[in-house]
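Fold and geometry: a report
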Amino acid sequence: CMGFCDCKTVNPSFLVYQDDTESMKRSLPTVPPPPPLPLADRVILVTGAGGGIGQAACRLFAARGAKVVCADISEEAANATAKLAREDGAAEAVCADVSSEAGCQQMVVAAVAKFGRLDCALNAAGIEGDRARLHETSIENFDKVMDANLRGTFLSMKAELEQMLRQPAPAG
């Protein structure tokens, strides 16, 4: 046992006492944050751009000089995020359903049509689904969540990488 259960076999090396935590914190090296990534003129596709991490990423990427494609299943949400991102840089809204292979291919085609290439992607699309206890969760709800969160990430990456591999590497 490694000390993570209630059994009586405890490895003492995994125990940290309250008064040890401060000395541990003091002994950790201080690492400066990395410099910001050079994003000027890079084309970045963000799924789940309508809110949360996706929306924040769109705004940050645009502020750092990237050309951002804001993709979301809600056209209204994608447009709202693109409008916010345009305050700091170039952005385009795309309505896409990432649980569909055609939807993922369509969003990549739209990115290339608007900006000429695709250099990077952040796949943040995801749904929570209906809240229920596991044994009360319907198969339909489970499938809907897996289609968006797992299959959607796979299909997005597949379409994005196919495009990235077709084009020359970005300059710089």
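Values in this document were obtained by computation on a predicted structure and should not be read as measured data.

Definitions and limits used
- Residues numbered from 1 in each chain as written.
- Predicted model: local features only at pLDDT ≥ 70, side-chain atom pairs only at ≥ 80, totals over all residues.
- Heavy atoms only, no water.
- Helix = DSSP H or I, 4+ residues; strand = E, 2+ residues; numbered from the N terminus.
- Contact = heavy atoms within 4.5 Å.
- Pairing = 2+ DSSP bridges.
- Axes fitted to C-alpha atoms, helices over the stretch in contact; angles between N-to-C directions.
- pLDDT = per-residue confidence, 0-100.
- Core = buried A, V, L, I, M, F, W, Y, C linked by side-chain atoms within 4.5 Å.
- Buried < 20%, exposed > 50% of the residue type's maximum accessible area, 1.4 Å probe, protein only.
- 1 Å grid on protein atoms, 1.4 Å probe; cavity = no way out; pocket = protein on both sides within 12 Å on 5 of 7 lines; lining within 4 Å.
- Points joined across faces, edges and corners; volume = space filled by probe spheres on them.
- Nonpolar A, V, L, I, M, F, W, Y, C, P; charged D, E, K, R; others polar.
- Salt bridge = Lys/Arg side-chain N within 4 Å of Asp/Glu carboxyl O.

**A look at the overall build of the protein**
Summing up its helical and strand segments, the protein has 5 helices and 4 strands in all. Once local pairs closer than 6 in sequence are excluded, the contacts in the protein between residues at least 24 apart make up 61%.

**Examining the sheet that holds strand E1 (residues 43-47)**
The strands that make up a sheet pair up through hydrogen bonds in the backbone, lying either parallel or antiparallel. Judged by pairing direction, the sheet is parallel, and its 4 strands sit side by side in the order E3-E2-E1-E4 without closing on themselves. Looking along the sheet, the strands with just one partner apiece sit at the ends: strand E3 (90-95) and strand E4 (120-123). Each neighbouring strand pair of the sheet contributes to a mean axis angle of 15 degrees, computed without reference to strand direction. The strands touched by helix H3 (residues 75-86) within the sheet are strand E2 (67-72) and E3, with E3 carrying the most contacts at an inclination of about 175 degrees. Contacts between helix H5 (residues 139-166) and the sheet are confined to E1 and E4, with E4 contributing the most and set at about 175 degrees to the helix.

**A word on the confidence of the model for the protein**
Per-residue confidence for the protein averages 87 on the pLDDT scale, and 81% of its residues sit at or above 70. In the model, residues 1-7 has pLDDT below 50 throughout and makes 6 contacts with residues more than four positions away in sequence or in other chains. Per-residue pLDDT stays below 50 along residues 13-17; that stretch engages in 5 contacts with residues further than four places along the chain or on separate chains.

**Observations regarding the nonpolar core**
Grouped together as the largest cluster of nonpolar side chains are 16 residues, with contacts concentrated most on Val 46, Phe 61, Val 68 and Cys 70. Elements with a contribution of two residues or more to this core: E1, helix H2 (52-63), E2, H3 and E3. For this core, the element with the most residues is H2, which contributes 4 residues. Not counting the four nearest positions on each side in its chain, Cys 70 is found in contact with Val 46, Ala 49, Cys 58, Ala 78, Thr 81, Ala 82, Ala 91, Glu 92, Ala 93 and Val 94. Core analysis: the next-biggest nonpolar cluster, separate from the first, contains 15 residues, Val 98, Cys 104, Ala 111 and Phe 115 among them.

**Looking at the layout of surface pockets**
The method is simple in principle: a probe with the dimensions of a water molecule rolls over the atoms, and the space it marks as empty is what remains. In this model, the largest pocket occupies a volume close to 270 Å³. Along the wall of the largest pocket there are 13 residues; nearest its centre are Ile 73, Ala 125, Gly 126, Ile 127 and Ala 148. No other element matches the 3 residues that H5 contributes to the lining of the largest pocket. For the lining of the largest pocket, the class distribution of residues is 6 nonpolar, 3 polar and 4 charged.

**Here's the deal with the pattern of salt bridges**
Using the criterion set out here, one finds 5 salt bridges in the structure. Here Glu 92 and Lys 114 are joined by a salt bridge, their closest N and O atoms 3.8 Å apart. Taken together, the positions of Glu 92 in strand E3 and Lys 114 in helix H4 (residues 101-115) put the pair 22 residues apart, joining distant regions of the chain. Residue Glu 92 is classed as partly exposed on the basis of its relative accessible area of 26%. Assessed through its relative accessible area of 46%, Lys 114 is described here as partly exposed. Across the salt bridge formed by Lys 158 and Glu 101, the nearest N and O atoms sit 3.8 Å from each other. Within this pair, whereas Lys 158 is found in helix H5, its partner Glu 101 is found in helix H4, the two being separated by 57 residues in sequence.

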